[in-house]
Amino acid sequence: MYGASEGLRTVLVEREAPGGQAGQSSRIENYLGFPAGVSGSELARRATTQARRFGAEILAVKDACSLEARGAARIVRLAGGGQLSARSVLIATGVAYRRLNVPGLDKLTGRGVYYGAALAEAHNASGQDVYLIGGANSAGQAAVYFARFARQVTLLVRADRLEKSMSHYLIDQIRAIPNIRVELNSEVVAASGQDHLEAITITNRATGTEVLVAADFLFVFIGAYPHTDWVGEAIARDDRGFIVSGPDLVREAASPSWSLEREPLALETSLPGVFVAGDVRRSSMKRVASAVGEGAMAVYLVHQYLGTL
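Residues numbered from 1 in each chain as written. Predicted model: local features only at pLDDT ≥ 70, side-chain atom pairs only at ≥ 80, totals over all residues. Heavy atoms only, no water.

So, about the sheet that holds strand β11 (residues 180-183). Across the sheet, which stays open at both edges, the 5 strands sit in the order β8-β15-β9-β10-β11 with parallel pairing between neighbours. Each edge of the open sheet carries a strand with a single partner, namely β8 (113-115) and β11. When strand polarity is set aside, the average angle formed by the axes of neighbouring strands in this sheet is 20°. The pairing of strand β9 (residues 129-133) with strand β15 (residues 217-220) spans 4 bridges and is classified as parallel. Each bridged residue has a counterpart across the sheet, and for leucine 132 the counterpart in β15 is phenylalanine 219. Contacting β9, β10 (152-156), β11 and β15, helix α5 (residues 137-146) crosses the sheet at an angle of about 170° to β9. (Pairing = 2+ DSSP bridges. Helix = DSSP H or I, 4+ residues; strand = E, 2+ residues; numbered from the N terminus. Axes fitted to C-alpha atoms, helices over the stretch in contact; angles between N-to-C directions. Contact = heavy atoms within 4.5 Å.)

Right, let's get into the nonpolar core. In terms of nonpolar packing, the biggest core is built from 27 residues, with Val130, Leu132, Val153, Leu155 and Phe219 touching the most fellow members. For this core, the secondary-structure elements that each account for two or more residues are β9, α5, β10, α6 (168-176) and β15. The dominant element in this core, judged by the number of residues it contributes, is α5, at 6 residues. (Core = buried A, V, L, I, M, F, W, Y, C linked by side-chain atoms within 4.5 Å. Buried < 20%, exposed > 50% of the residue type's maximum accessible area, 1.4 Å probe, protein only.)

Attention shifts here to unusual backbone geometry. One non-glycine residue with positive phi stands out, namely asparagine 185, at about 55°. Mapped onto the secondary structure, asparagine 185 falls in the loop between β11 and β12 (186-192). Since its relative accessible area comes to 22%, asparagine 185 is described here as partly exposed. In this model, serine 283 sits at a positive phi of 70°, which is unusual for a non-glycine residue. Mapped onto the elements, serine 283 comes out in the loop between β17 (274-276) and α8 (288-308).

Spelled out as structure tokens, the structure:
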């Protein structure tokens, strides 16, 4: 949206649906301008409509599979053939939820076990017992949402307190909702069921005790890994795959290293003219507002970069 509105010919390549992790959130309540909150899908829909109105072209259900420099051009190759040539590229490919390696979960995925916010299952969970794994905002937001439908929502957190990874406003909400229970120092070690999830085994990390409980639904939010395998060797990444950018490229002697005499721009990657924003960037805040801010900032930096060509 910012690229198109600032006079750049802008193309968005989207593998699934615009919005990423934010688009899957049940409710976002700490985003500026929405005092009553907004669903992630609605925010993503509005943003997409706004981008199109400014003239951005959206290539939906397309997957970028490689990135390379060809002189001043930056070439993005698409899976299935075809390529895009641009003077600058912004990588905002985000992250995906990590899978939980627990006996019984794989065969029940999609049948009571879900990764991420599977909002379509909320009404199916009406009157049921719902368990969520995770201690960050995405898990907390989902717990608040599912509490409107489920008989009981239990949030299983590995840490010994929620304050380590969840926003204070969300913790206050969870504590005020009577059908949400938080179990700290807890993790799921097994799941069982025939055609649908029926039970899970929970262990307490502090005491070592295990308990088998009936469960109708299990939603997993245990962190994420970045979508960066496609960028190849030209883009410096850390040991977890997140993209290194800006001053860190010089300060940490990243590999590949920065190749120009000038300093890299704030969100510029090791390949000049290629920028990064959002969750895929190392040390990002993992918040919608910061991701939007980085997107706007990246467009400003793209103009600076284009001015050097």
